[in-house]
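Reading the structure
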Amino acid sequence: MNKHLSFFLCLAFTISCSTEQKHEITSEDQTTSGIQYAKRFDVQYQDGIRLITIDKPWQGSKEPLQYLLYTDSIPEKYQNDASLVKIKTPVQTIVSNLTTQLALMDELEVTNRLTGFAQTQFIYSSEILDRVEKGIVKEVGSDGSLDIESILDLNPDIVLAFSSGTENRQLEKLKELGMNVVMNAGYMETSLLGRFEWIKFLGHLTGTEERANQVFDRKVAIYDSLTQLVSGKEQPSVITGTLYGGTWFMPAGENYGANIIATAGGDYLWKEDQSSGWLSMDFESVFERGYNADYWIGVASYSSLDQLRQADERYAEFEAFKNGNVYSYMARVNEEGANDYFESGNVNPEKLLADHIKILHPELLPDYELYYYMKLE
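Residues numbered from 1 in each chain as written. Predicted model: local features only at pLDDT ≥ 70, side-chain atom pairs only at ≥ 80, totals over all residues. Heavy atoms only, no water.

Considerations on empty space enclosed by the protein
So the rule is basically this: A pocket, in this scheme, is an open set of points on a 1 Å grid over the protein atoms alone with protein on both sides within 12 Å along at least 5 of 7 lines, while a cavity is a set where a 1.4 Å probe fits but cannot get out; residues line either one if an atom lies within 4 Å of a point. Grid points are joined across faces, edges and corners, and a volume is the space filled by probe spheres set on the points.
Under the counting rule described, the total for this entry stands at 1 cavity of 30 Å³ or more. Size it by volume and the largest cavity reaches roughly 30 Å³. Along the walls of the largest cavity sit Trp58, Asn168, Leu171, Glu172, Lys175 and Met183, which together make up its complete lining.

Structure, rendered in structure tokens:
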């Protein structure tokens, strides 16, 4: 059996045996949101409907968005409220432009509801690629541009969208034409568990809330058990990122990329930064602080030390390079170049954490093999 699978099966079995009596809270008996880690959305139950509020739905946005989810009819008090996007659930057809949603759909067993996707060349899932090949899932955009006419032809229940701000004109046009555009702001969460908790958002939309809660609780239990392994362990120093267009980008101290290093028992050298975005630095600034770091994790798309050196000879001066402690997230890339790290990574926080622990403290997980990450040779 594959060591990735056997490791998590054993851990999940142990956890399930100790938690099998847990009561599952459903929308019928829940009065609070049940959101534990995500900071960008909240759920309120009232008047037989669910009201989901998304705070800052994209970078630079100043106003929240609110979605009213109903099953039978909209209560009279809300019918004329134009500030709410009203969506009948469970939705049966979905168009999206966000790869992370594909893995969430798979976890919730609603992949068959996907009818259109923008930039299908970035899809890693073989099941969904097969549906694209058969014409079941249509291409609805390329090069970052949505094809409005194609989306209108599909007439989905919702357009599940991500926006960095530049795509808003097209999304606004779809709204004007009567489409239910639902924004996902999970990418702005500062923790892996916060990002993963957006599975509950999709669960509410698709009528799979109970399964979403079960999947989330199971993976969080595994995640928490892994964090206990590194408690009290010595923390090796870590740098991340590479140059892009002459600028070195790396996660700020409160960014999810920095947080997972800390959770895995690493000493991220820019941890004191209090922002949650990305730091932009020159090579000299990074080298001055990080040349002697024990590990270099996350070197973009480079797949060998020689390739990294050819990109910039100065990379070879880092001690992590000299010691062979350089890792990229290129372990799961298909023939078309689609990277599963960007598709299912947020849906598998326990695997991302296990990868980081295996890199930083290999003795703690002797039988585990890296899943998303690979050591550069």
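Some words on the packing of aromatic side chains
For the record, the criterion: Centre distance within 6.5 Å is the pairing criterion for rings of Phe, Tyr and Trp, where only the six-membered ring of Trp is used; planes under 30 degrees apart are then read as stacked, over 60 as edge-to-face, and the remainder as tilted. Per the convention used, a helix needs a DSSP run of H or I reaching at least four residues, while a strand needs a run of E reaching at least two, with both numbered from the N terminus. The classification of residues rests on relative accessible area computed with a 1.4 Å probe and restricted to protein chains. Under 20% of the type maximum is buried, over 50% is exposed, and intermediate values are partly exposed. The criterion for a charge sitting over a ring is simple: Lys NZ or Arg CZ within 6 Å of the ring centre, and within 35 degrees of the ring normal.
Evaluated as defined, the whole model comprises 27 aromatic pairs. Measuring from ring centre to ring centre gives 5.2 Å for Trp198 and Phe201, while their planes differ by 85°; the resulting arrangement is edge-to-face. Here the residue Trp198 and the residue Phe201 both occupy positions in helix H7 (residues 198-206), the gap between them amounting to 3 residues, near one helical turn. Both residues of the pair, Trp198 and Phe201, count as buried. Between Phe287 and Tyr291, the aromatic rings sit 5.6 Å apart at their centres with planes inclined by 40°, giving tilted as the arrangement. A connected cluster of aromatic rings, assembled from ring pairs, spans Trp248, Phe283, Phe287, Tyr291, Trp296, Tyr315 and Phe318. The ring of Tyr256 has Arg195 lying over it, and the distance from NZ or CZ to the ring centre is 3.5 Å. Above the plane of the ring of Phe283 lies Arg314, whose end atom (NZ or CZ) is 4.0 Å from the centre.

Some remarks on the pairing of strand E6 (residues 114-117)
Along a regular strand, successive side chains alternate from one face of the sheet to the other. The following threshold applies: Here a strand pair is declared whenever DSSP counts at least two bridges between the two strands. Seen with its strands pointing away from the viewer, a crossover is right-handed when the path leading from the first strand over the helix to the second is clockwise.
Where strand E5 (residues 94-96) lies against E6, 3 bridges are found, and the strand directions are parallel. Across the sheet, the residue bridging to Val95 is Gly116, located in E6. Read from E5 through helix H2 (residues 99-107) to E6, the crossover connection turns out right-handed. As defined by bridge partners, E6 adjoins strand E7 (residues 138-139) across 2 bridges and the pair is classed as parallel. Looking across to E7, one finds that Gly116 is bridged to Lys138. Handedness of the crossover is the feature at issue here: the chain leaves E6, passes through helix H3 (residues 126-133), returns alongside E7, and the resulting connection is right-handed.

Side note on the sheet that holds E7
Across a sheet, strands are paired by hydrogen bonds formed along the backbone, either parallel or antiparallel in direction. The condition is simple: Residues count as neighbours in contact if any of their non-hydrogen atoms are within 4.5 Å of one another. Every axis in this analysis is a line fitted to C-alpha atoms, fitted for helices over the stretch in contact. Angles between the N-to-C directions lie between 0 and 180 degrees.
Pairing within the open sheet is parallel, and its 5 strands lie in the order E7-E6-E5-E10-E11. At either margin of the open sheet sits one strand with a lone partner, and together these are E7 and strand E11 (181-183). Where E5 and strand E10 (residues 158-161) come together, 3 bridges link them in parallel fashion. By the bridge assignment for E10, Val95 is matched with Val159. Packed on one face of the sheet, H2 meets E5, E6 and E10 and runs near 165° to E6. Sheet strands touched by H7: E5, E10 and E11. Its angle to E11, the strand with the most contacts, is close to 160°.

Notes on the sheet that holds strand E19 (residues 374-375)
Spatial ordering of the open sheet is given by E15-E12-E17-E18-E19, a layout of 5 strands whose pairing is mixed. Each end of this open sheet is capped by a strand with a single partner; those strands are strand E15 (267-268) and E19. One ladder, built from 2 bridges, connects strand E12 (residues 237-239) with strand E17 (residues 295-297); its direction is parallel. Bridging across to E17, Ile239 finds its partner in Trp296.

A closer look at the pattern of salt bridges
Oppositely charged side chains are able to pair whenever their charged atoms sit close together. Operational definition: Between Lys or Arg on one side and Asp or Glu on the other, a salt bridge is scored when a side-chain nitrogen of the former is within 4 Å of a carboxyl oxygen of the latter.
Here the structure, examined in full by the defined rule, presents 16 salt bridges. Among the ionic pairs, Asp267 bridges to Lys271, the shortest N-O distance being 2.6 Å. Residue Lys271 is classed as partly exposed on the basis of its relative accessible area of 47%.

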